[in-house]
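In case you want the letters, here they are:
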Amino acid sequence: MEKGKFIVIEGLDGSGKTTQTNIITEKLRAKGINVINQAEPTPHEFGRMCREVLGGRKKVTKSQFALLFTADRIDHNINPEDGINMHIGKGDTVISDRYYYSTLAYQGVDVGLDWLMSLNLGCEDIRKPDLCIFLDLLPEKSMERINANRSEDELEIYETEEYLTSIRKRFYNVIDALKESENIVVIKSYPGMGSAVGASIDMLHDEQIVGSLAGDDTVFIVMKSKEEAFIFSEELKSAIEQ
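Computed from a prediction, not measured in an experiment: that's the story for all the values here.

Caption draft 1: Expanded view of the overall build of the protein chain. When you go through the protein chain residue by residue, the secondary structure sums to 8 helices and 10 strands. The buried share of the protein chain, reckoned over its 242 residues, is 49%. For the protein chain, the share of sequence-separated contacts (at least 6 apart) that also reach a separation of at least 24 residues comes to 67%. Per element, the accessible surface of the protein chain, about 11,600 Å² overall, is 49% carbon and sulfur.

Caption draft 2: Local environment of the nonpolar core. Ranked by internal contacts, the top residues of the largest apolar core, which has 31 residues, are Tyr99, Tyr101, Leu104, Phe171 and Leu178. Contributing elements (two or more residues each) for this core: strand S1 (6-11), helix H4 (84-89), helix H5 (100-106), helix H6 (113-121), strand S4 (131-136), helix H8 (161-178) and strand S5 (184-188). Of the residues forming this core, the biggest block, 6 residues, is contributed by H8. Those residues within four positions of Phe171 in sequence are excluded, and the remaining contacts are Glu10, Gly11, Leu12, Arg98, Tyr101, Ser102, Ala105, Tyr106 and Phe134. Within the second largest apolar cluster, 12 residues are counted, among which are Ile9, Val35, Ile95 and Ile133.

Caption draft 3: Spatial organisation of H6. Of the residues making up H6, those classed as buried are Leu113, Leu116, Met117 and Asn120. Down the axis, H6 shows its buried residues gathered within 100 degrees of arc, on one side only. The elements touched by buried residues of H6 are helix H3 (62-78), H5 and H8.

Caption draft 4: Layout of the pattern of salt bridges. Within this structure, the stated rule accounts for 8 salt bridges. Ionic pairing is found between Arg98 and Asp13, a salt bridge with its closest N-O pair at 2.8 Å. Of the two residues, Arg98 sits in the loop between strand S3 (93-97) and H5 while Asp13 sits in the loop between S1 and helix H1 (17-30), which places them 85 residues apart along the sequence. Take Asp13: its relative accessible area is 14%, and that puts it in the buried class. Salt bridges linked by common partners bring Glu10, Asp13, Lys17, Asp97 and Arg98 together as one network.

Caption draft 5: Representation of the environment of Ala39. Positionally, Ala39 belongs in strand S2 (residues 35-39). For Ala39, a relative accessible area of 29% gives the class partly exposed. On a C-alpha basis, the gap between Ala39 and Ile95 in space is 8.0 Å, while along the polypeptide they are 56 residues apart. Those residues in contact with Ala39, other than ones at most four positions away along the chain, are His76, Ser96 and Asp97.

Caption draft 6: Structural view of H8. For H8, spanning 18 residues, the distance from its first C-alpha to its last is 26 Å, which sits close to the expected 26 Å at 1.5 Å a residue. When H8 is considered as a whole, its buried residues turn out to be Leu164, Ile167, Arg168, Phe171, Val174, Ile175 and Leu178. The arc enclosing the buried residues of H8, seen along the axis, measures out at 120 degrees, which places them on a common side. For H8, the exposed residues lying more than 90 degrees away from the buried face are Glu162 and Lys169.

Caption draft 7: Representation of unusual backbone geometry within the structure. Along the chain, Glu40 connects to Pro41 via a cis peptide bond; the corresponding omega equals 0 degrees. Within the element layout of this structure, Pro41 appears in the loop between S2 and helix H2 (45-54). Positive phi outside glycine occurs at Arg98, with the angle close to 85 degrees.

Caption draft 8: Region of interest: the packing of aromatic side chains. Per the counting criterion, the structure on display carries 7 aromatic pairs. A centroid spacing of 4.9 Å and a plane angle of 40 degrees characterise the contact between Tyr99 and Tyr100, whose relative ring orientation is tilted. Of the residues examined, Tyr100 reaches a relative accessible area of 2% and is grouped as buried. Each ring, one from Tyr100 and one from Tyr101, has its centre 4.7 Å from the other, and the planes form 45 degrees; the classification is tilted. Taking NZ or CZ as reference, Arg73 lies 5.6 Å from the ring centre of Tyr99, over its face.

Caption draft 9: Spotlight on the side chain of Glu182. With respect to the helices, strands and loops of the structure, Glu182 is situated in the loop between H8 and S5. Of the side chains with opposite charge, Lys128 comes closest to the buried, unpaired Glu182, at an N-O distance of 5.7 Å. A distance of 2.3 Å separates a polar atom in the side chain of Glu182 from a polar atom in the side chain of Tyr101.

Cut-offs and rules
Residues numbered from 1 in each chain as written. Predicted model: local features only at pLDDT ≥ 70, side-chain atom pairs only at ≥ 80, totals over all residues. Heavy atoms only, no water. Helix = DSSP H or I, 4+ residues; strand = E, 2+ residues; numbered from the N terminus. Buried < 20%, exposed > 50% of the residue type's maximum accessible area, 1.4 Å probe, protein only. Contact = heavy atoms within 4.5 Å. Areas by Shrake-Rupley, 256 points an atom, 1.4 Å probe, with all protein chains shown as cover. Core = buried A, V, L, I, M, F, W, Y, C linked by side-chain atoms within 4.5 Å. Arc of directions from axis to C-beta. Salt bridge = Lys/Arg side-chain N within 4 Å of Asp/Glu carboxyl O. Expected span 1.5 Å × (residues − 1). Phe/Tyr/Trp six-rings, centres within 6.5 Å; stacked < 30°, edge-to-face > 60°. Lys NZ or Arg CZ within 6 Å of the ring centre and 35° of its normal. Lys, Arg positive; Asp, Glu negative; His and termini not counted. Polar contact = N/O pair within 3.5 Å; in protein donor to acceptor, adjacent residues only side chain to side chain.

What follows is the structure, encoded as structure tokens:
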């Protein structure tokens, strides 16, 4: 049986991760590929603890918080009931809303990035994604969307414009550090780009990755490997960065 693929969608809150996951899922399922949508923190024990901290209901140290996310990620991979490894082995394609890139960016603001990278990238129980898509949204736009969809009581500890600005910068540091060893695509979602934030990916099981940026115009990305990408559509060529 052919193994499935593992796709990660990253970005600040409000960047369109849920929308993109839905578009990708629809396109892949139309091709007969079974898709499993998941997210971090997970609904399991460590994930629930992470959400309690995020919501301000539980207090831990910054290092403990980073370890909670990493423990949740290990369980996300190896859980025998719904883990990534189990689904990949069955031939499913797994799409995760957030993964270790978020830990490196969010917790990396408070604790040592080298330590976090060692914990996550050096762990044999944490799978490297086949593709990561980072949806880049300006922090002020992120806060606009967050405030429009949540009450003040529902805001999480990272949801201030100042903090999001630091996190966005850290995301780019992480991408720069990993760009030679991982398939990471950055899609800019700045004001004036219209609905171009919509991204869809067709993951073919012959190791080609075909993607389209859905919006007022369409950009197709064909990634045969991390070294080369072919972009069609002059209108939004600047929307894609390797």
